[in-house]
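Analysis of the macromolecular model
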Amino acid sequence: IPVIFFHAGFELFRGGFVGVDIFFVISGYLIASIILSEFDENSFSILRFYERRARRILPGLFFVFFACIPFALVLFTSDELLDFSNSLISAVFFSSNIFFSLDSGYFSSPAEWKPLLHTWSLAVEEQFYIIWPFFLLLLSNLRWKWTVYFLTIIFFISLSLAHWGASNYPNYNFYLLPTRAWELLLGVFIAFYLRDQKNPCSISLNQFLSIVGFSMIIYSITTFDESTPFPSLYTLIPTLGTLILIFSVVQGTYLHRILSFSPIVTLGLISYSTYLWHQPILVFAR
């Protein structure tokens, strides 16, 4: 919702681009939880993992690609069509984040005319998941705590690089995996934690924590804007807010009731498709 409203130009959602950062944390948590569960059951298979990813990602993605082509042919100038063709090829190979990092910035006006701009986040996610299973297999003979220690080092390197890059190389910093990996790793850390033990907090403490986490997200969406260095230490506000939500929204909390409401669940189920379609629709409508 915040990403779509941000791209649509709603002033209240001027920081809505943080929806992608929220997505990275949730994605890291979800995928790590699935893989760790399969490791515990000695049933993990890299081929099956990639097959599931392909089934989840590719059908809708390629359908959107094909649907965009006739509109681009009719509406775009020759230069715009060439740019669209290059972005389409890069998106097919999950390298559109690299392509757009070499182009105009995410917040610049020409970006509003790029129907596949949003595929950069899918590219970051898939690049991470090309590396992640092999990393776990490589360290599977060690105790999990050593894996967490090693990931913690990577986390701080990635976060430090992001904060430095926000001032020095903002375009590369925004799009590329090395400065985004720490966000996915936040989700991975909570997956490791909840794998070994359940949430030890009382309902009243979880109520408080869930409201704090949700407030951090709302604050980011409504107060951040294109002048906010991103990603950087500022990005800890929405991402830690998301981590707190994953940890604290348990049965009995107000937010659990809200997020379990049928229309909200339905929106979650169609979120990937909605995300795929919104940017092309907005661009071609303009």
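Quick look at the overall build of the chain now. Summing up its helical and strand segments, the chain has 14 helices and zero strands in all. A globule of 286 residues ought to have a C-alpha radius of gyration of about 19 Å, and the chain, at 19 Å, matches this closely. In terms of overall dimensions, the chain has C-alpha extents of about 60 × 40 × 40 Å along its principal axes. Residues counted as buried form 46% of the 286 residues belonging to the chain. Look at the contacts in the chain between residues 6 or more apart in sequence, and 76% of them connect residues 24 or more apart. Carbon and sulfur atoms make up 70% of the accessible area of the chain, which amounts to about 14600 Å² in all. Of the side-chain charges in the chain, 14 are positive and 17 negative, and the distance between the mean point of each set is 12 Å.

Per-residue pLDDT for the chain averages 91, and the proportion of residues at 70 or more is 97%. For the chain, helix α6 (residues 119–138) is the element with the lowest average pLDDT, namely 89, and helix α11 (residues 236–248) is the one with the highest, namely 95.

So, about the environment of Ser202. Inspection of the secondary structure puts Ser202 in the loop between α9 (181–196) and α10 (203–223). Exposure remark for Ser202: the relative accessible area of 39% places this residue in the partly exposed category.

Take the nonpolar core next. In terms of nonpolar packing, the biggest core is built from 58 residues, with Trp120 and Trp132 touching the most fellow members. It is α9 that contributes the most residues to this core, ten residues altogether. Aside from chain neighbours lying at most four places away, what touches Trp120 is Val20, Phe24, Ser96, Asn97, Phe100, Tyr106, Phe174, Tyr175 and Arg180. If you look at the next biggest cluster of nonpolar residues, it comprises 17 residues, including Phe76, Ala91, Leu116 and Phe284.

In this structure, the largest pocket spans a volume of roughly 2000 Å³. Around the largest pocket, the lining is made up of 47 residues, and of these Ile22, Phe23, Ile26, Gly268 and Ser271 lie nearest the centre. Among the residues making up the lining of the largest pocket, the classes are represented as 33 nonpolar, ten polar and four charged.

So, on to a nonpolar patch on the surface. The grouping of Ile1, Phe5, Phe10, Val265, Leu267, Leu269 and Ile270 at the surface amounts to a nonpolar patch, some 650 Å² of accessible area in total. Ranked by residues supplied to the nonpolar patch, first place goes to helix α13 (residues 262–269) with three residues. Tracing the backbone shows Phe10 in the loop between α1 (2–8) and α2 (19–40).

This next bit is on the side chain of Glu183. Within the secondary structure layout, Glu183 lies in helix α9. If near-sequence neighbours (up to four positions away) are discounted, Glu183 is found in contact with Asp21, Phe24, Val25, Pro231, Thr235 and Thr239.

All right, on to the side chain of His278 then. Looking at where His278 falls in the secondary structure, it is placed in helix α14 (residues 271–285). Residues within four places of His278 in sequence aside, it is in contact with Val3, Ile4, His7 and His118.

Among the secondary structure elements, Ser271 is positioned in helix α14. Taking the relative accessible area as the measure of exposure, Ser271 reaches 36% and is therefore partly exposed. For Ser271 and Ile1, which are 270 residues apart along the polypeptide, the C-alpha to C-alpha distance reads 8.7 Å. At 2.8 Å, the side chain of Ser271 forms a polar contact with the backbone oxygen of Gly268.

What follows deals with α11. Relative to the 18 Å expected for 13 residues at 1.5 Å per residue, α11 spans 17 Å between its end C-alpha atoms, a close match to the ideal helical length. Residues of α11 that are buried: Leu236, Pro238, Thr239, Gly241, Thr242, Leu243, Ile244, Leu245, Ile246, Phe247 and Ser248. Residues of α11 that are buried sit in contact with α2, α7 (144–168), α9, α10 and α12 (254–259).

Thresholds, definitions, all that
Residues numbered from 1 in each chain as written. Predicted model: local features only at pLDDT ≥ 70, side-chain atom pairs only at ≥ 80, totals over all residues. Heavy atoms only, no water. Helix = DSSP H or I, 4+ residues; strand = E, 2+ residues; numbered from the N terminus. Rg over C-alpha atoms; globule rule 2.2 N^0.38 Å. Buried < 20%, exposed > 50% of the residue type's maximum accessible area, 1.4 Å probe, protein only. Contact = heavy atoms within 4.5 Å. Areas by Shrake-Rupley, 256 points an atom, 1.4 Å probe, with all protein chains shown as cover. Lys, Arg positive; Asp, Glu negative; His and termini not counted. Charge placed at Lys NZ, Arg CZ, Asp CG, Glu CD. pLDDT = per-residue confidence, 0-100. Core = buried A, V, L, I, M, F, W, Y, C linked by side-chain atoms within 4.5 Å. 1 Å grid on protein atoms, 1.4 Å probe; cavity = no way out; pocket = protein on both sides within 12 Å on 5 of 7 lines; lining within 4 Å. Points joined across faces, edges and corners; volume = space filled by probe spheres on them. Nonpolar A, V, L, I, M, F, W, Y, C, P; charged D, E, K, R; others polar. Patch = residues over 30% accessible without salt bridge, like charges linked within 9 Å, V, L, I, M, F, W, Y side chains within 5 Å. Salt bridge = Lys/Arg side-chain N within 4 Å of Asp/Glu carboxyl O. Polar contact = N/O pair within 3.5 Å; in protein donor to acceptor, adjacent residues only side chain to side chain. Expected span 1.5 Å × (residues − 1).

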